[in-house]
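What the coordinates show
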Amino acid sequence: MPKGTLREVKMEPSREMADRLDTVDELAPFRKEFNLPAGVVPLNGNSLGPLPAAVPGAVAEAVRQWGERLTRAWNEDWWHAPARVGDRIGRLIGAAPGQTMAGDSTSVQIFNAVVAAARLRPDRRVVVADAGNFPTDRYLTASAARLLGLEVVEVPMGDLPDAVDRHRDEVAVVFCPAADYRTGELWDVPAVTRVAHEAGAVALWDLSHGAGAVPLWVDDDGVDLAVGCTYKYLSGGPGSPAYGYVAARHQDRLDLPLTGWHGHARPFDMAGVFEPAPGVARARIGTPPVLSLLALEAALEPLERAGIEAVRAKTVRLGDFFLGCADRLLDGLGFEVVTPRDPRRRGGHLALRHPEAAAVMAALKDRGVLGDVRGDLLRFCVNGLYVSFGDVHDAVTALREVAATDEYRSPRFRRREVVT
Ligand SMILES: *Cc1c(COP(=O)(O)O)cnc(C)c1O
């Protein structure tokens, strides 16, 4: 059967078209590898990826190891898990083995990476960073700058090359996200990395909205350091450990601020002075969250098998279909598409602006359509690994119904949730 795409199939975006696209979708079988409750349209995988069917068994096995093997499990499996899982994530971001370490939270990894990046350029005192980056990245950069006596210059991504140029001889670090967490706009990792390098700066990337959503090539692009979370596109589960990438050329000079005992050259010598382990092992900190780490390891498997290129290609088609449905069904209802229409400039989610975004999303969730809200933006993640064209059509149809009938104005949808 020919592969159906929006461009090939000349039909109005409709339920029939969604069904036809799902029938020819080669990734459709992967949906069964996630535990998706009936009646749920899972479009919030950019916030928390759904539960991979393999994870409960992997967690049970980790708990069995804990119960039966006790500390022996450290030698048998657990000690090497951060590097092993790190290398598997590395493959998804274009990193050769031995450069990616899993463990600790994204925020911890960010702090570690910002300080270490600045220490690679001790004679410089400016950090140029995306003003639209996720708040924790901005807060931690500001705190690291206070500690080190650096100045942070925050600018929108579009102005970043000029800002780097203005501070040419002073820029130590350029710190950006792979994609905008609100609008889903994808940034140009190789081009921005080149801008940083031309000014003599270190390029640090937050790949939280990139890894698992789009193919990345950190080695080929010359990225120096990177961090990322794993509970979004990698479905690692709530609080699953983040990762740090350190290009091989920097490893033996890298002076990380969080010098925990697991990063010591000989951790069991219990030496009084920290001596960093060779290679990326120095990026370990303390005892990692082993249960979460082993859950994450199992979660990676469906994505690895599907292949990030295939997932990305379907995500692009889902995004095109979403926009086609939105143009047809949401016209005149107060929505504005804020994600670029050019698929090369889109990450894994789409965002619509609406003045009553929170109430609209509350009404959608009531119908089982799960997206989320950031300010006045409704976000919908179209992860090609498990989202179907039917899901997209259901979501946009629900949006139409909720907005066209003023259902969202019901007092029931006015309360503020702690987490959306
Ligand atoms: C999701 C996300 C985080 C989350 O940080 P945590 O420490 O895991 O809460 C940080 N930065 C970016 C860019 C993100 O997308």
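Residue positions are given per chain, counted from 1 along the sequence in the order it is written. With the structure being a predicted model, the display of local features is reserved for residues of pLDDT at least 70 and the display and counting of side-chain atom pairs for 80 or more, all residues being used for whole-chain, interface and lining totals. Where side-chain values are given, they derive from all heavy atoms of the structure, hydrogens and water being excluded.

An unreviewed UniProt entry annotates the protein as Kynureninase of Thermomonospora echinospora. UniProt positions are given in the numbering used here, feature names are shortened, and annotations may be inferred rather than shown by experiment. UniProt, in its Cofactor (unreviewed entry) section for the protein, records the words "pyridoxal 5'-phosphate".

Let us now look at the overall build of the protein. Along the protein, the regular secondary structure elements total 14 helices and 13 strands. The globule rule used here is 2.2 Å times the number of residues to the 0.38 power, and the radius of gyration it is set against is calculated over C-alpha atoms. A compact globule built from 420 residues would reach a C-alpha radius of gyration of about 22 Å, and the protein, at 22 Å, matches this within 12%. Taking the principal axes of the C-alpha coordinates as reference, the protein spans close to 65 × 60 × 45 Å. Accessible area is worked out with a 1.4 Å probe on protein chains only. A residue is then buried under 20% of its type maximum, exposed over 50%, and partly exposed in between. Taken across its 420 residues, the protein has 57% of its residues classed as buried. Contacts are assigned to residue pairs that have any heavy atoms within 4.5 Å of one another. Look at the contacts in the protein between residues 6 or more apart in sequence, and 72% of them connect residues 24 or more apart. To measure how exposed things are, a 1.4 Å probe is used in the Shrake-Rupley method; for residues, cover is taken only from the protein chains shown. Entry remark: accessible area of the protein is about 17500 Å², with carbon and sulfur atoms responsible for 54%. For this count, His and the chain ends are skipped, Lys and Arg are scored as positive, and Asp and Glu as negative. For charged residues, the charge sits on one atom: NZ in Lys, CZ in Arg, CG in Asp, CD in Glu. Averaging the locations of the 49 positively and 56 negatively charged side chains of the protein gives two centres separated by 2 Å. Where helices and strands are cited, they refer to DSSP runs of H or I of at least four residues and of E of at least two residues respectively, numbered from the N terminus.

Quick look at the sheet that holds strand S7 (residues 225-228) now. Two strands in a sheet stick together by hydrogen bonds in their backbones, pointing the same way (parallel) or opposite ways (antiparallel). On the basis of which strands lie adjacent, the open sheet formed by 7 strands has the order S2-S8-S7-S6-S5-S3-S4 and mixed pairing. The outermost strands of the open sheet, each flanked by one partner alone, are strand S2 (100-102) and strand S4 (151-155). In this sheet, adjacent strand axes meet at a mean angle of 15° when their direction is disregarded. Two strands are said to pair when DSSP picks up at least two bridges between them. Taken together, the 3 bridges between strand S6 (residues 202-206) and S7 define a ladder with parallel strand orientation. Its bridge partner lying in S7, Asp-206 is registered against Val-227. Structural elements are reduced to axes, namely lines fitted to C-alpha atoms, with helices fitted over the stretch in contact, and the angle between N-to-C directions of any two is expressed from 0 to 180 degrees.

What follows covers the domain arrangement of the protein. In this entry, domain limits derive from an automatic or database-based domain assignment. Annotation of the protein at the domain level lists domain 1 (6-52 + 307-410) and domain 2 (79-304). Computed over C-alpha atoms only, the centres of domain 1 and domain 2 are separated by 30 Å. Whenever two N or O atoms come within 3.5 Å, that pair is a polar contact, provided that in protein one can donate a hydrogen and the other can accept it, and provided that, for residues adjacent in sequence, both atoms are side-chain atoms. Along the contact surface separating domain 1 from domain 2 lie 13 residue pairs in polar contact (both at pLDDT 80 or more). Where the side of domain 1 that touches domain 2 is concerned, the elements lending two or more residues are helix H12 (308-329), strand S10 (349-353) and strand S13 (377-381). A per-element tally of the side of domain 1 that touches domain 2 places H12 first, with 4 residues. In this classification, Asp, Glu, Lys and Arg are treated as charged, Ala, Val, Leu, Ile, Met, Phe, Trp, Tyr, Cys and Pro as nonpolar, and every other residue, Gly included, as polar. In terms of residue class, the side of domain 1 that touches domain 2 is made up of 13 nonpolar, 10 polar and 8 charged.

On to the UniProt feature "binding site: pyridoxal 5'-phosphate" (unreviewed entry) in the protein, then. Per the UniProt record, "binding site: pyridoxal 5'-phosphate" (unreviewed entry) is annotated on Thr-106, Ser-107, Phe-134, Pro-135, Thr-136, Asp-137, Asp-206, His-209, Tyr-231, Trp-261 and Thr-287. Annotated residues spanning 182 residues; largest pairwise C-alpha distance 30.1 Å, indicating distribution over more than one region. Among the secondary structure elements, Tyr-231 is positioned in the loop between S7 and strand S8 (243-246). Setting aside residues up to four positions removed in sequence, Tyr-231 forms contacts with Ser-47, Leu-48, Gly-49, Thr-106, Gly-236, Gly-237, Gly-239 and Ser-240. Setting aside residues up to four positions removed in sequence, Thr-287 forms contacts with Trp-74, Trp-261 and His-262. Separated by 3.5 Å, the side chains of Thr-287 and His-262 make a polar contact.

The next point concerns the site of the ligand. For this purpose, a residue is taken to be near a molecule or strand whenever a single non-hydrogen atom of the residue falls within 4 Å of it. If you check the shell around the ligand, you find Thr-106, Ser-107, Asn-133, Phe-134, Thr-136, Asp-137, Asp-206, Ser-208, His-209, Tyr-231 and Lys-232 and nothing else. Contacts to the ligand include Asp-137, whose side-chain N or O atom sits 2.6 Å from a nitrogen atom. In this structure, His-209 approaches the ligand through a side-chain N or O atom, which is 3.3 Å from an oxygen atom. If the ligand stood free it would expose 390 Å²; the protein chains cover 85% of that surface. At the level of elements, helix H5 (106-119) and helix H6 (135-148) are the ones that each hand at least two residues to the shell around the ligand. Residues belonging to the shell around the ligand are distributed by class as follows: 2 nonpolar, 6 polar and 3 charged.

All right, on to the packing of helix H13 (residues 357-366) against helix H14 (residues 389-404) then. Interaxial distance between H13 and H14 falls to 10 Å at its minimum, and their mutual angle equals 120°. Relative to H14, the element H13 is oriented oblique. Crossing handedness for the pair H13 and H14: right-handed. Contacts between H13 and H14 pair Val-360, Ala-363 and Leu-364 from the former with Ala-395, Ala-398, Leu-399 and Val-402 from the latter. The residue makeup of the contact of H13 with H14, split by class, is 7 nonpolar, no polar and no charged. Under this scheme an angle from 65 to 115 degrees is roughly perpendicular, one under 35 degrees roughly parallel, and one over 145 degrees roughly antiparallel; angles in between are oblique. Note on convention: near helix rotated counterclockwise from far helix by under a right angle means a left-handed crossing. Clockwise means right-handed.

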